[in-house]
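Commentary on secondary and tertiary structure
The chain contents come next:
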Amino acid sequence: MTDGILGKAATMEIPIHGNGEAGQLPEDDGLEQDLQQVMVSGPNLNETSIVSGGYGGSGDGLIPTGKSFSCAGRGVGGEPQRCLMYLRETGVRELGPLGSGRHPSHSATPAGPGDEVARGIAGEKFDIVKKWGINTYKCTKQLLSERFGRGSRTVDLELELQIELLRETKRKYESVLQLGRALTAHLYSLLQTQHALGDAFADLSQKSPELQEEFGYNAETQKLLCKNGETLLGAVNFFVSSINTLVTKTMEDTLMTVKQYEAARLEYDAYRTDLEELSLGPRDAGTRGRLESAQATFQAHRDKYEKLRGDVAIKLKFLEENKIKVMHKQLLLFHNAVSAYFAGNQKQLEQTLQQFNIKLRPPGAEKPSWLEEQ
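Quantities reported herein were computed from a predicted structural model and do not represent experimental measurements.

**Topic: the overall build of the protein**
- On a plain count of helices and strands, the protein comes out with nine helices and two strands.
- Along the chain direction, N to C, the helices and strands of the protein fall in the order α-α-β-β-α-α-α-α-α-α-α.
- Taking as baseline every contact in the protein between residues at least 6 positions apart, the subset at least 24 positions apart corresponds to 70%.
- Per element, the accessible surface of the protein, about 25800 Å² overall, is 56% carbon and sulfur.

Following this line, the structure appears as structure tokens:
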């Protein structure tokens, strides 16, 4: 019904007099009755739209509404004049200027100090992400160029040879470490077997009077082997622990510096290539500024690359010296302990542990604290 009333009102012809003034609308009793009925119950704006621009206007003036609106529900009586005045007021206040086709804009509140700090932090994070994205793009481009043979890379032949030798040495020492752990496990199993066998011989010597002497000899031999085996196991454990420290800490620390050096080398080559491309381009005001910025960035990455190259060279030198010192001591310990054990020389085996300051823990004893190990 509301659509019919609005349609009827929109299609009315307004007569124009010769003086240019609009004449009064002809009275329409049906329209007035329908309007009164609508004002009492209230039009449902969910099913209507406010049309701006008059009849035949474009669809840009349509203002859709999202809620039901009733004059009666807002304390306004059913008189058409009062309700029309109310619609004009609420149209300006709630829906914005009628016919404008826009929703009312809220007044901007001034930003407080907290908002400015938040915007500053967000700006800093955006700059960090932006720099990271640009750097990742350049490095990926340089890496792909090197892989496909289209780009050049900076190579220090002597340093690269030392790095490759370190990686190969680490792989071999890891193999020795794995074999040393396997030997420790086998020795421990052997000790458990010998200990059980010695107890069995001792028990049989008590229960077999005719073989008491023979069982007694074997029981004593197994106990002696267990004691020497525990000494050998302590020496092998010390050997394995030292190899593990050398491989997983000392060598790994040097290889971490090598990885940083390789990443710095890739960044250096990426920005060097970028600078070379800009240098070959046209020289204008914009390019000159970009060229100066690229030159400064290239110099910063070059300094970083040179510093890390020096760090890698120093660490490789100290690693080689430390490796020779540690392995000389550990190999001598391993040789003396194994030789004394299989020769049955208990005294030499004990002297070997004293020489390298190795203290054996009794079975079931707790591990000493780090203060006691100092």
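**Re helix H7 (residues 285-343)**
- With 59 residues, H7 should reach 87 Å at 1.5 Å per residue; the first-to-last C-alpha distance of 86 Å fits that figure.
- Among the residues trailing H7, Gly344 stands out with phi positive, at a value near 75°.

**Re the environment of Val155**
- Mapped onto the fold, Val155 is located in the loop between helix H4 (113-147) and helix H5 (157-207).
- According to the relative accessible area criterion, Val155 is partly exposed, its value standing at 40%.
- As for Val155 and Arg265, which are separated by 110 residues in sequence, their C-alpha atoms are 8.9 Å apart.

**With respect to the packing of helix H6 (residues 212-280) against helix H8 (residues 346-355)**
- Where H6 meets H8, the axes come as close as 10 Å, and the angle between the chain directions of the two elements is 25°. Viewed along their axes, H6 and H8 adopt a mutual orientation that is roughly parallel. For the pair H6 and H8, the sense of crossing is left-handed. Taken together, the residues of H8 that come into contact with H6 (itself represented by Leu224, Lys227, Asn228, Thr231, Leu232 and Ala235) are Gln346, Leu349, Glu350 and Leu353.
- Class assignment for the residues of the contact of H6 with H8 results in five nonpolar, three polar and two charged.

**Here we look at the packing of aromatic side chains**
- Counted by the stated rule, this structure contains six aromatic pairs.
- Taking 6.0 Å as the distance between ring centres and 35° as the angle between the ring planes, the aromatic pair formed by Phe201 and Phe215 counts as tilted. On the criterion of sequence distance, the pair formed by Phe201 in helix H5 and Phe215 in helix H6 is long-range, its members being 14 residues apart. Each member of the pair, Phe201 as well as Phe215, carries the same accessibility label: buried.
- Ring centres of Tyr341 and Phe342 lie 5.0 Å apart, and the angle between their planes is 85°; this geometry places the pair in the edge-to-face category.
- Under the relative-accessibility criterion, Tyr341 is labelled buried at 11%.
- Connected via pairs of aromatic rings, a cluster forms that spans Tyr261, Tyr268, Phe298 and Tyr305.

**Observations concerning the pattern of salt bridges**
- On inspection of all chains with the given rule, the structure shows 15 salt bridges.
- When the shortest N-O distance is used, the salt bridge between Lys170 and Glu174 registers 2.5 Å. With Lys170 and Glu174 both in helix H5 and four residues apart, this pair spans about one turn of that helix.
- The class of Lys170 is buried, set by a relative accessible area of 13%.
- Its salt-bridge partner being Lys170, residue Glu252 comes within 3.6 Å of it at the nearest N-O pair. In this pair, Glu252 sits in helix H6 while Lys170 sits in helix H5, placing the two residues 82 residues apart along the sequence.
- In the salt-bridge network here, residues are joined through shared partners; they are Arg265, Asp269, Arg272 and Glu276.

**Some thoughts on the nonpolar core**
- Residues Ile163, Tyr261 and Val312 are the most contacted members of the largest nonpolar core, which totals 41 residues.
- Counting residues per element, this core draws most heavily on H6, at 17 residues.
- What Tyr261 contacts, discounting residues up to four positions off in sequence, is Asp156, Leu159, Glu160, Ile163, Tyr305, Leu308, Arg309 and Val312.

**Focus on the packing of H6 against H7**
- For the pair H6 and H7, interaxial distance at closest approach is 7 Å and the crossing angle is 165°. Our classification of the angle between H6 and H7 gives roughly antiparallel. The hand of the H6/H7 crossing is left-handed.
- Looking at the contact of H6 with H7, its residues break down into 31 nonpolar, 14 polar and 11 charged.

**Observations regarding the side chain of His301**
- Position of His301 among the secondary structure elements: in helix H7.
- Take His301: its relative accessible area is 14%, and that puts it in the buried class.
- The contact partners of His301, leaving out residues within four places of it in the chain, are Asn135, Glu267, Tyr268 and Tyr271.

**Some remarks on the environment of Leu224**
- For Leu224, the location among the structural elements is in helix H6.
- Leu224 sits 120 residues away from Gly344 along the chain, and the two C-alpha atoms are 9.3 Å apart.

Rules behind the numbers
- Residues numbered from 1 in each chain as written.
- Predicted model: local features only at pLDDT ≥ 70, side-chain atom pairs only at ≥ 80, totals over all residues.
- Heavy atoms only, no water.
- Helix = DSSP H or I, 4+ residues; strand = E, 2+ residues; numbered from the N terminus.
- Contact = heavy atoms within 4.5 Å.
- Areas by Shrake-Rupley, 256 points an atom, 1.4 Å probe, with all protein chains shown as cover.
- Expected span 1.5 Å × (residues − 1).
- Buried < 20%, exposed > 50% of the residue type's maximum accessible area, 1.4 Å probe, protein only.
- Axes fitted to C-alpha atoms, helices over the stretch in contact; angles between N-to-C directions.
- Parallel < 35°, antiparallel > 145°, perpendicular 65-115°, else oblique.
- Left-handed = near helix turned anticlockwise from the far one by under 90°.
- Nonpolar A, V, L, I, M, F, W, Y, C, P; charged D, E, K, R; others polar.
- Phe/Tyr/Trp six-rings, centres within 6.5 Å; stacked < 30°, edge-to-face > 60°.
- Salt bridge = Lys/Arg side-chain N within 4 Å of Asp/Glu carboxyl O.
- Core = buried A, V, L, I, M, F, W, Y, C linked by side-chain atoms within 4.5 Å.

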